[in-house]
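Survey of secondary and tertiary structure
Here's the letter readout for the chains.
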Amino acid sequence: MFPKRLTEGYQSFLGGRFPSESSRYQKLAESGQNPEILIIGCCDSRVSPEVIFDAGPGEMFVVRNVANLVPPCDPDSESSYHGTSAAIEFAVNGLNVKHIVVLGHASCGGIRSFFDDAKPLTKGDFIGKWMSQIEPVAERLGPGTGDRQANLKRLELAVVEHSLNNLMTFPSIRRRVEKGDLELHGTYFGVATGLLYLRDPATGEFKPCLEAPAAG
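Just so it is clear, the structure is predicted and the values come from calculations on it, not from any experiment.

It is worth spelling out the pattern of salt bridges at this point. Pairing between side chains becomes possible if they bear opposite charge and their charged atoms approach one another. This structure, assessed with the given rule, holds eight salt bridges. The shortest N-O distance in the salt bridge between Glu21 and Arg17 comes to 2.9 Å. Between Asp200 and Lys207 there is a salt bridge, and its shortest N-O distance comes to 3.5 Å. For Asp200, a relative accessible area of 21% translates into the label partly exposed. On the basis of relative accessibility, which here comes to 39%, the residue Lys207 falls in the partly exposed class.

Laid out in structure tokens, this is it:
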């Protein structure tokens, strides 16, 4: 049986948001999408880019995977599929986005599993193989402190930087960044606090997006 929650949500959409944005949907259907922003986020159900950035239909092209990872450009490999890389390629070369945002977040289950060296969920261990991309990141960070939460956050932030670095291995991205036609941004969302942090490309530090965010 189709989930009741989805049926009710769709009914609410038809009675509320769709009528108010029907002309926008009609235009998108006729002319296609033309978003200027690509968001690469985690598939964690608590971290929805469309909700966090209050985006309407057609505004953002969103790619989500476990731990917001961007693999290095490897077009000659025939050993695996490249869903994330294909989506990035389409957004950059097909849609000509002007910004790519890597959206990391606190309490990332995938990164925590890697940190804890958790056992595979299945015999095939798709997650384990995917998360092995974090191994060089953890090695570069070196030994942590005795503060588990601080160590986890440090790794979460480092994964954002890792994904930004891997984006630059795509020739089309590098060319456009160097020409000034494309900007890359690292961000980090606090699930419990709602605070968004932006990575300063000059220092590598993550600073609050807003100096004085509105009170809840």
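The strand order across the open sheet formed by six strands is β2-β1-β3-β4-β5-β6, and the pairing between neighbours is mixed. Among the strands making up the open sheet, the edge pair consists of β2 (60-65) and β6 (206-208). Across the sheet, the mean angle separating the axes of adjacent strands is 30° when strand polarity is ignored. Note that strand β1 (residues 37-42) and strand β3 (residues 99-105) share five bridges and pair parallel. Looking across to β3, one finds that Ile37 is bridged to His99.

Among the six residues of β1, five are classified as buried, and the element is accordingly described as predominantly covered. Inspection of the sheet shows β1 paired to β2 by six bridges, in the parallel sense. By the bridge assignment, Gly41 is partnered in β2 with Arg64.

This brings us to the UniProt feature "binding site: Zn(2+)" (unreviewed entry) in the protein. Summarizing the sequence annotation, UniProt attributes the feature "binding site: Zn(2+)" (unreviewed entry) to Cys42, Asp44, His105 and Cys108 in the numbering used throughout. In sequence the annotated residues extend across 67 residues, while in space they remain close, none of their C-alpha pairs exceeding 9.1 Å. Within the element layout of this structure, His105 appears in strand β3. Checked against the element boundaries, Cys108 lands in the loop between β3 and α6 (109-115). By relative accessible area, Cys108 is classed as buried at 2%. Those residues in contact with Cys108, other than ones at most four positions away along the chain, are Cys42, Ala67 and Glu156.

Calculation criteria
- Residues numbered from 1 in each chain as written.
- Predicted model: local features only at pLDDT ≥ 70, side-chain atom pairs only at ≥ 80, totals over all residues.
- Heavy atoms only, no water.
- Salt bridge = Lys/Arg side-chain N within 4 Å of Asp/Glu carboxyl O.
- Buried < 20%, exposed > 50% of the residue type's maximum accessible area, 1.4 Å probe, protein only.
- Pairing = 2+ DSSP bridges.
- Helix = DSSP H or I, 4+ residues; strand = E, 2+ residues; numbered from the N terminus.
- Axes fitted to C-alpha atoms, helices over the stretch in contact; angles between N-to-C directions.
- UniProt positions renumbered as here; feature names shortened; annotations may be inferred.
- Contact = heavy atoms within 4.5 Å.

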